[in-house]
Structures are given as structure tokens and as C-alpha cells.
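# Structural characterization, general
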Amino acid sequence: MDGSATFPDVTLAILAGGQGTRLGGVAKGLLSVEGLTTLERLRAFGSHFEDVLLVANVPEPYERFGLRTVADAVKGKGAPGGVHAALGAARTRWVFAVACDMPFVTEAAARVVLEARGEDVDAVCIERDGRWEPLFAAYRTELVSRWGEALVADPSLRGLLMRFRTRVLPVDALRAVDPELRALANVNTPEDLVRYGVTLPER
């Protein structure tokens, strides 16, 4: 990056995740909203960060976007493994992790999480309806070794976050800048396509 990033000590990590089986096996980063793929929208969002990193075990669908791409270092661990890969590959002190099927993330929404960081905090996430949102969250990259060791037990992302100094923000903190919580929206089902005005990529 050129040094003008809003968050100069943070890497945006985009987790490509699975193959969208509930959407017919599409690469979810290729879903389209208002003429742009979700990955294009996230790449534009990435201009606020010092670096952008794509975590993808099947990188071929995304090669045309020109993003620095890494695969999971510990295979078969799902999203926890994806976060671990991002922590290991980041060149900054912090990672902000999102999923590739989140088309409506904004700088203002990310700022809510990132401004809650502190020297006494390892991670920051939002709590909504009793659930933590680990794929709209900030992680200190120093966690990488301990995170990797913890993967042996196949923990959930929440289970991992509970091992560390995680600051959990009430959803109202996000609602103050994003009343409909669109930044947390992800596209998993045909119903989500309709709800958010998302179209499938052409085969």
C-alpha cells in the first residue's frame, strides 16, 4: 500500500471459505451485487488497510483479482484454520477478518471494532443475539502460534476467542453507524440472494 491507509497497522484478511454448497457449489466471492462481485467490493474496502490478503484453499476462481493469496497452513480446520493462515501471513500487527460473502462491510463499521483494540486486548468482536461474530473481528497477529496449537482440539472460532483476551462489543455499538447491521450480512442461501439483491455468477 502507499502509506495512506486508514488503518495502517491492520491487514484485511478475506476468507474464501467453502464452495457454497447451498448455492449450487459457486465460489461465493464471485457472487454479484450491483454489478460488482463480492470480492471486488471487499478489495475496494481493502483500500482502508495497509494490506489485503485472501485466504483460499482453492485459489483458481479468484486469480484474476490479483490479491496476495495463501492457503490454510493447518488443513481441514474450516474458518478457525483460515484465521490462523491470515495471522501467519499478515505483515501487520493486526488482522481484520471477514468472509468473502459479506458484500456490505464499510469503513465506519470496521472502525467500531478496530477502535476497541488496546494493549490489553488480543481480539475484538461483536456479539449479536448471544452469538459472537468472529468473521467481522480484529485479531492480534501475535496469537498465531498459540492459535495454531489450539487447532488440534478442533475448537470453534468462539471457543478459540474464549482462550484469549477478547473484547466483546454489544451489537448496539455497531448499530450506531449501521442501523440495519448490513455489515454483518453474509450470503449463504437462495433466500439470502433475494434478501440482499445478490446474483449468482455466470457458469
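Here goes a summary of the coordinates provided. Quick caveat: nothing in here was measured; it's all calculated off a predicted structure.

## Considering the side chain of T166
Turning to its location among the elements, T166 is positioned in strand β9 (residues 166–170). Engagement of the side chain of T166 in a polar contact is seen with the backbone oxygen of L161, the distance being 2.7 Å.

## Considering the packing of aromatic side chains
Aromatic ring pairs: the centre-centre distance and the angle between the two ring planes describe each pair. The full count for this structure, using the stated rule, is seven aromatic pairs. Plain terms: the ring middles of F7 and F49 are 5.3 Å apart, the flat faces sit at 45 degrees to each other, and that makes the pair tilted. In this pair, F7 sits in strand β1 (residues 7–15) while F49 sits in strand β4 (residues 49–55), placing the two residues 42 residues apart along the sequence. F49 carries the same exposure label as F7, and that label is buried. Considering the side-chain rings of F49 and F96, the 5.9 Å spacing of their centres and the 20 degrees angle between planes classify their relative orientation as stacked.

## A few points about the pairing of β4
The buried fraction of β4 amounts to six of the seven residues, a majority that puts the element mostly inside the structure. Here six bridges tie β1 to β4, and the two strands are oriented parallel to one another. Bridge assignment links F7 to a residue of β4, and that residue is F49. By the bridge criterion, three bridges tie β4 to strand β5 (residues 68–70) in an arrangement that is parallel. Among the inter-strand pairings, V55 is bridged to a residue of β5, identified as V70.

## Side note on the environment of D192
Here D192 is to be found in helix α7 (residues 190–196). Under the relative-accessibility criterion, D192 is labelled buried at 9%. Separated by 82 residues in sequence, D192 and A110 have C-alpha atoms that sit 22 Å apart.

## Here we look at unusual backbone geometry
Working note: non-glycine residues mostly have negative phi, and peptide bonds are mostly trans. Even without a glycine there, the phi angle at D129 is positive, about 50 degrees. Following the sequence through the fold, D129 ends up in the loop between β7 (123–128) and β8 (131–140).

## A look at the pattern of salt bridges
Tallied over the entire structure, the rule returns 15 salt bridges. Ionic pairing is found between E119 and R93, a salt bridge with its closest N-O pair at 3.9 Å. With E119 in the loop between α3 (107–114) and β7 and R93 in the loop between α2 (78–89) and β6 (94–99), the pair connects residues that are 26 residues apart, well separated along the chain. Using a relative accessible area of 40% as the deciding quantity, one classes R93 as partly exposed. Residues participating in the shared-partner salt-bridge network are D51, R68 and R91.

## Looking at the sheet that holds β8
Pairing between sheet strands relies on hydrogen bonds along the backbone, with the strands arranged either parallel or antiparallel. Judged by pairing direction, the sheet is mixed, and its seven strands sit side by side in the order β5-β4-β1-β6-β8-β7-β9 without closing on themselves. Both edges of this open sheet fall to β5 and β9, since each of them pairs with a single strand only. In this sheet, neighbouring strand axes are inclined to one another by 30 degrees on average, regardless of whether the strands run parallel or antiparallel. Along the sheet face, α3 touches β1, β4, β6, β7, β8 and β9 and points at about 75 degrees away from the line of β8.

Analysis parameters
Residues numbered from 1 in each chain as written. Predicted model: local features only at pLDDT ≥ 70, side-chain atom pairs only at ≥ 80, totals over all residues. Heavy atoms only, no water. Helix = DSSP H or I, 4+ residues; strand = E, 2+ residues; numbered from the N terminus. Polar contact = N/O pair within 3.5 Å; in protein donor to acceptor, adjacent residues only side chain to side chain. Phe/Tyr/Trp six-rings, centres within 6.5 Å; stacked < 30°, edge-to-face > 60°. Buried < 20%, exposed > 50% of the residue type's maximum accessible area, 1.4 Å probe, protein only. Pairing = 2+ DSSP bridges. Salt bridge = Lys/Arg side-chain N within 4 Å of Asp/Glu carboxyl O. Axes fitted to C-alpha atoms, helices over the stretch in contact; angles between N-to-C directions. Contact = heavy atoms within 4.5 Å.

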